[in-house]
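# Coordinate analysis (summary)
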Amino acid sequence: MAPVEILKYAISSPADTSPLEKIQTAGHDVSQILAVVGKTEGNGCVNDFSRTLASAVWEPRIPSDAVTIFSGGTEGVLSPHITFFLQSRANVETGLSASVGHTRTFAPHEIGTDVQAQQVAVTVSELIRQINADPEQVQLVLIKCPLLTSDKLQDIRAQGKVPITADTYESMARSRYASAIGIATALGEIHADDISKAMTDGDKWSAKASCSSGAELDNCHILVLASTPSREGNLQAVSRPMADAMDAASVLSLLDQVKKDDGEVLQVFAKAEADPSGSVRGWRHTMNTDSDIHSTRHARAAVGGLIAGLVSDAQIYVSGGAEGQGPSGGGSLCLVYRTN
């Protein structure tokens, strides 16, 4: 196993690395960092340079085999912050295990395709094996994946190849879905032989996938988190998908488990999506037809407000665009908590 601890700190800007000093004050060393997972105050779209800035300032300051996963967009009450996943001191069991890794670099024409899904499946399967966890113990697979930029589209055409889409914004969704299908394959939610069909059908999903795309990388950064209870540990993670953007019941169900264990929520990881049907529980919504604000921004604000209110914490990781990450119109949900 690879036991981990989790710490969370506010940031004043995407370039704020002061939390490094805070973890050292708390008795940790930079060498313990496995992953830096953050929410930054950009627009979360193709040109969200807050993600690029955050990656650029953090990556030289952490171990070379660690990963950064930054999700842009802190609409509504969401508050910019970073979450550290750290190897536990002296390798003491904590109740949580994690592993991190990278896929190979993708050629531009591979982004959003079966190739990406297959590579993600291979890497996630290896990361699960590294921590000797059963797929059932995995509560979250967090991925930062690439997207298509104008330059990448030009490169694809110059090679006489065809991109998965010519729309850079749509490429974000295609990349997220490919990553989610790879996760579902690694977790046994779909069979490896069905990847191509799942990619074509577009209606398969993983209950434990959280994928965010960005222009700041050309491969996938991956974090696998498993709940591995032990007598010594007091950290746990629980998960279940949200059925839609109003699904307070699923959040409350997990909070009931936290309460039963006399626990304290440390962090929430959730995906948010504007229901592509155009309605939520029969009520028409306008998130997908708003020409001023992208639907992912609406969804983050709505789901972020819902969850923040229920857990009384605005420093939560809510990411927009839930293609293949929970049921259509809903999204994956994972709570990490400490028992007393």
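Residues numbered from 1 in each chain as written. Predicted model: local features only at pLDDT ≥ 70, side-chain atom pairs only at ≥ 80, totals over all residues. Heavy atoms only, no water.

### Here's the deal with the side chain of His-221
How we decide: The numbering of helices and of strands both runs from the N terminus, where a helix is a DSSP run of H or I of at least 4 residues and a strand a run of E of at least 2. In the analysis that follows, any N or O atom pair within 3.5 Å is treated as a polar contact, provided that within protein one partner can donate a hydrogen and the other can accept it, and provided that, for residues neighboring in sequence, both atoms belong to side chains. By the convention used here, residues are in contact when the closest approach between their heavy atoms is within 4.5 Å.
Among the structural elements, His-221 can be located in strand S8 (residues 221-227). Engagement of the side chain of His-221 in a polar contact is seen with the backbone oxygen of Thr-68, the distance being 2.9 Å. Within the local environment of His-221, its side chain forms a polar contact with the side chain of Asn-219, the two groups lying 3.5 Å apart. Those residues in contact with His-221 that lie beyond four places of it in its chain are Glu-59, Val-67, Thr-68, Ile-69, Gly-101, His-102, Leu-142, Ile-143 and Lys-144.

### A few points about the UniProt feature "site: Important for substrate specificity" (unreviewed entry) in the chain
The line we're drawing: UniProt positions are given in the numbering used here, feature names are shortened, and annotations may be inferred rather than shown by experiment. The buried label applies to any residue whose accessible area, calculated with a 1.4 Å probe on protein chains only, is under 20% of its type's maximum; exposed applies above 50%, and partly exposed to all values in between.
Cross-referencing UniProt, the feature "site: Important for substrate specificity" (unreviewed entry) maps to Thr-296 in the present numbering. Here Thr-296 shows up in helix H8 (residues 295-311). Thr-296 sits in the buried class, given a relative accessible area of 9%. Those residues in contact with Thr-296, other than ones at most four positions away along the chain, are Tyr-169, Arg-176, Gly-320 and Gly-321.

### Quick word on the UniProt feature "binding site: substrate" (unreviewed entry) in the chain
Here the UniProt-annotated "binding site: substrate" (unreviewed entry) positions come out as Arg-51, Ser-71, Gly-72, Arg-176, Ser-212, Ser-213, Arg-300, Ser-319 and Gly-320. Structurally, the position occupied by Ser-212 is in strand S7 (residues 209-214). What makes Ser-212 buried here is its relative accessible area of 6%. For Ser-212, the residues in contact, after removing those within four places along its chain, are Phe-70, Ser-71, Ile-143, Lys-144, Cys-145, Arg-176, Tyr-317 and Ser-319. A polar contact of 2.8 Å, which involves the side chain of Ser-212, links it to the side chain of Lys-144. Inspection of the secondary structure assignment puts Gly-320 in strand S13 (residues 317-320).

### Quick word on the sheet that holds S8
For the record, the criterion: Strand pairing follows a simple DSSP-based rule, namely that at least 2 bridges must link the two strands. All axes are obtained by fitting lines to C-alpha atoms, using only the stretch in contact for helices, and the reported angles, taken between N-to-C directions, cover 0 to 180 degrees.
An order of S5-S8-S6-S7 is seen for the four strands of this open sheet, with the pairing classed as mixed. Each of the sheet's edge strands pairs with one partner strand only, and the pair in question is strand S5 (96-102) and S7. On average, adjacent strands in this sheet sit at an angle of 10 degrees to one another, irrespective of strand direction. When S5 meets S8, the two strands line up antiparallel, connected through seven bridges. If you follow Ser-97 over to S8, its bridge partner there is Ala-226.

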